Amino acid sequence: MTSYATSMVSYKKTTLNSKPMSEVNSAQNSAKSPQTNTQSNVAAPSEKAQKSKLTPAQRALEFEQLAIPLMPQVYGMALRWTKNPSDAEDLVQDTFAKAFNAWDQFEQGTNLKAWIFRILTNTQINSYNKKAKDQAKVSIDQFEDWQLGEASSLTSMSSRSAELEALDRLPADIIKKSLSELGEFQQVVELAVIAEMPYATIAEELQIPVGTVMSRLHRGKKKLREKLLEYAIQEGYVTAPKPAAKSSKDSETGSL
Amino acid sequence: MTFDCQETKRHVHEFLHNELSAQEVAEVTAHLANCDSCETDYDLENFVNHSIQDACSEVPPQELAEKVLENIRKMQAGIDHA
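Residues numbered from 1 in each chain as written. Chains lettered and ligands numbered in written order. Predicted model: local features only at pLDDT ≥ 70, side-chain atom pairs only at ≥ 80, totals over all residues. Heavy atoms only, no water.

Time to look at the pattern of salt bridges. All names here are of chain A. One pass over the structure, following the stated rule, counts 16 salt bridges over all chains. Salt-bridge contacts for Glu 181 lead to Lys 177; the nearest nitrogen and oxygen are separated by 3.1 Å. With relative accessibility at 27%, the residue Glu 181 sits in the partly exposed group. For Lys 177, a relative accessible area of 40% gives the class partly exposed. As a salt-bridge pair, Lys 222 and Glu 226 come within 3.6 Å of each other at their nearest N and O atoms. (Salt bridge = Lys/Arg side-chain N within 4 Å of Asp/Glu carboxyl O. Buried < 20%, exposed > 50% of the residue type's maximum accessible area, 1.4 Å probe, protein only.)

What follows deals with the packing of helix α11 (residues 186-194) of chain A against helix α13 (residues 210-234) of chain A. Residue and element names in this part refer to chain A. With their axes 8 Å apart at the nearest point, α11 and α13 run at an angle of 90 degrees to one another. The orientation of α11 with respect to α13, classified from their angle, is roughly perpendicular. Contact with α11, carried on its side by Val 188, Val 189, Ala 192 and Val 193, involves Val 213, Arg 216, Leu 217, Gly 220 and Lys 221 of α13 and no other residues of that element. For the contact of α11 with α13, the residue count by class is six nonpolar, one polar and two charged. (Axes fitted to C-alpha atoms, helices over the stretch in contact; angles between N-to-C directions. Helix = DSSP H or I, 4+ residues; strand = E, 2+ residues; numbered from the N terminus. Parallel < 35°, antiparallel > 145°, perpendicular 65-115°, else oblique. Contact = heavy atoms within 4.5 Å. Nonpolar A, V, L, I, M, F, W, Y, C, P; charged D, E, K, R; others polar.)

Averaged over all residues, the pLDDT of chain B is 91; the fraction at 70 or higher stands at 94%. Mean pLDDT values over the elements of chain B span from 86, in helix α5 (residues 62-80) of chain B, up to 96, in helix α2 (residues 12-16) of chain B. (pLDDT = per-residue confidence, 0-100.)

On to the packing of helix α5 (residues 71-82) of chain A against helix α6 (residues 85-101) of chain A. All names here are of chain A. For the pair α5 and α6, interaxial distance at closest approach is 8 Å and the crossing angle is 135 degrees. In terms of axis orientation, α5 runs oblique to α6. Every pair of crossing elements has a handedness; the one defined by α5 and α6 is right-handed. Counted together, Met 71, Val 74, Tyr 75, Ala 78, Leu 79 and Thr 82 of α5 and Pro 85, Asp 87, Ala 88, Glu 89, Leu 91, Val 92 and Phe 96 of α6 form the full contact between these two elements. When the residues that make up the contact of α5 with α6 are grouped by side-chain class, the tally is 10 nonpolar, one polar and two charged. (Left-handed = near helix turned anticlockwise from the far one by under 90°.)

Time to look at the interface of chain A and chain B. Opposite the 64 residues of chain A that make contact, chain B presents 48 residues. Of the roughly 5100 Å² buried at the junction of chain A and chain B (both faces included), carbon and sulfur atoms supply 65%. By the criterion of area lost to chain B, the three top residues of chain A are A:Gln93, A:Arg160 and A:Lys221, representing 11% of everything that side buries. Counting across the interface, chain A meets chain B through five salt bridges. Put simply, A:Glu89 and B:Lys67 hold a salt bridge, and the shortest N to O gap is 4.0 Å. For the interface between chain A and chain B, the tally reads 14 residue pairs in polar contact (both at pLDDT 80 or more). Those elements that provide at least two residues to the side of chain A that touches chain B are α1 (2-15), α4 (56-66), α5, α6, α9 (157-169), α10 (172-180), α11 and α13 of chain A. In terms of residue count, α5(A) provides more of the side of chain A that touches chain B than any other element does, eight residues in total. When the residues that make up the side of chain A that touches chain B are grouped by side-chain class, the tally is 37 nonpolar, 12 polar and 15 charged. (Buried area = accessible area lost by both parts, 1.4 Å probe. Polar contact = N/O pair within 3.5 Å; in protein donor to acceptor, adjacent residues only side chain to side chain.)

Here it is, written out as structure tokens:
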């Protein structure tokens with residue numbers, strides 16, 4: 001189990017096309033600096049080299065074109081985390097201000113979404129809700145049923161196609177509600193799926209091992225699918241799947 | 001070695017989140033090409049991910065977007081005059 005998780009980390013060195021962690025770190029550090037003196041808080045000269053060719057106006061334009069379009073996703077996350085529109089707006093403002101300050105450190109062509117969400121996460125954890133971090137550390141993930149490969153093999157082909165159909169009809173509110181009911185899995189699912197952060201970054205942000213990120217994502221997604229299907233049946237978006245009726249090619253025997 | 005269904009299903013999230021090695025991606029892809037059951041699983045998880053992404057975006061209030069832009073322009077002006 002442990003070796004599975006640790007070997008994952010080493011794979012990443014060769015496969016991930018994202019930027020080296022050190023660069024993300026420098027952005028993060030800058031993102032962490034006090035927000036009161038934002039104006040003097042531009043990147044250190046050595047770090048600026050890369051984008052120093054840009055005039056300040058070009059720099060602002062580039063930021064507006066690339067980063068600002070992510071606002072709906074950032075605002076959505078901020079709303080779910082703060083559960084309060086006014087706090088969410090403050091969080092979004094701080095996040096974009098910090099991102100703009102650190103913009104020289106963002107390397108074009110790398111994962112901008114993950115970079116912005118990392119600043120959002122830091123801002124949220126540091127300034128607004130210390131509890132989030134503590135909560136994330138409290139529960140210890142116990143044994144790893146997903147690693148036995150049983151997770152989705154339990155559902156037959158026919159019920160999975162019913163699930164797909166149900167999902168397609170579910171309104172956004174039910175998906176958001178289900179997500180908010182995932183407990184300690186919620187944050188990892190959000191950071192992986194919405195923010196598209198690499199596992200290693202999520203691990204660092206939440207101060208948990210990469211193996212825990214993996215298990216929380218697996219278990220969180222499984223729980224989410226169960227909830228979504230439950231709501232879909234409950235709300236009448238789909239009828240409860242019947243046990244394998246037609247085209248039973250794979251449904252009962254499966255390939256396991 | 002070739003991935004069986006169990007191994008393939010176990011790797012679904014790592015596959016969708018680009019956390020697998022090239023070798024593992026090749027194993028998974030080869031398996032999916034010949035296994036409807038696993039392919040349905042991968043499609044489903046991928047679909048769930050997109051549903052989450054779509055559901056979780058919120059149009060920010062107009063004044064928030066304006067405040068953020070105004071803020072950036074102010075910071076910008078600060079840099080201009082530095």
